[in-house]
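Below, each chain spelled out in residue letters.
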Amino acid sequence: MAQQAVPSASPATPATRPAPLPLRVPVREILPWAVLAAVLGVVLIYFVGAEQGATSLFGGTWVHEFTHDGRHLLGFPCH
């Protein structure tokens, strides 16, 4: 009897797959990245929202002009 090139799957024996295991990521690996992301987010919000006027850390208006459109996009008043 000749063999087939592609074996046929019979409907009586369905292929069973093992249930996927949940991915476990230790908090100790995530915590430094979460702190870094939070610090960068706070710095970004400061520069876009508060870097002008009395709270300005840098002299001149270059930071204000650089973040001007983002300021309007996020709803911060600047005029």
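For clarity, every value in this text was computed on a predicted model and none was experimentally measured.

K.L.:
Honestly, the overall build of the chain in this entry has me stumped. Any pointers?
P.N.:
A count of helices and strands for the chain gives three helices and zero strands. What you see in the chain, going N to C, is helices and strands ordered as α-α-α. Expressed as a percentage of its 79 residues, the buried residues of the chain come to 10%. Nonlocal contacts in the chain, meaning residues at least 24 apart in sequence, comprise 19% of its contacts between residues at least 6 apart.

K.L.:
Is there a simple way to explain the environment of T55 in this structure?
P.N.:
With respect to the secondary-structure elements, T55 resides in the loop between α1 (27-49) and α2 (62-66). Among all residues touching T55, those that are not within four sequence positions of it are Y46 and A50.

K.L.:
Please clarify how the environment of E51 should be interpreted in this entry.
P.N.:
Examined against the element boundaries, E51 turns out to sit in the loop between α1 and α2. Residue E51 is classed as buried on the basis of its relative accessible area, which comes to 3%. Taking the C-alpha atoms as reference points, E51 and V63, separated by 12 residues in sequence, lie 7.0 Å from one another. Ignoring anything within four residues of it in the chain, the contact list for E51 reads Y46, S56, L57, F58, V63, H64 and R71.

K.L.:
Can you walk me through a nonpolar patch on the surface in this structure?
P.N.:
On the surface, V27, L31, V35, V39 and V43 cluster together to form a nonpolar patch covering roughly 440 Å² of accessible area. The topology assignment puts V43 in helix α1. Assessed through its relative accessible area of 38%, V43 is described here as partly exposed.

K.L.:
So what exactly am I meant to see when it comes to the confidence of the model for the chain here?
P.N.:
Predicted coordinates in regions of low pLDDT should not be interpreted in detail. Looking at the chain, the pLDDT average stands at 78 and 77% of residues meet or exceed 70. Here α2 is the element of the chain with the lowest mean pLDDT, 77, and α1 is the one with the highest, 90.

Rules and cut-offs
Residues numbered from 1 in each chain as written. Predicted model: local features only at pLDDT ≥ 70, side-chain atom pairs only at ≥ 80, totals over all residues. Heavy atoms only, no water. Helix = DSSP H or I, 4+ residues; strand = E, 2+ residues; numbered from the N terminus. Buried < 20%, exposed > 50% of the residue type's maximum accessible area, 1.4 Å probe, protein only. Contact = heavy atoms within 4.5 Å. Patch = residues over 30% accessible without salt bridge, like charges linked within 9 Å, V, L, I, M, F, W, Y side chains within 5 Å. Areas by Shrake-Rupley, 256 points an atom, 1.4 Å probe, with all protein chains shown as cover. Salt bridge = Lys/Arg side-chain N within 4 Å of Asp/Glu carboxyl O. pLDDT = per-residue confidence, 0-100.

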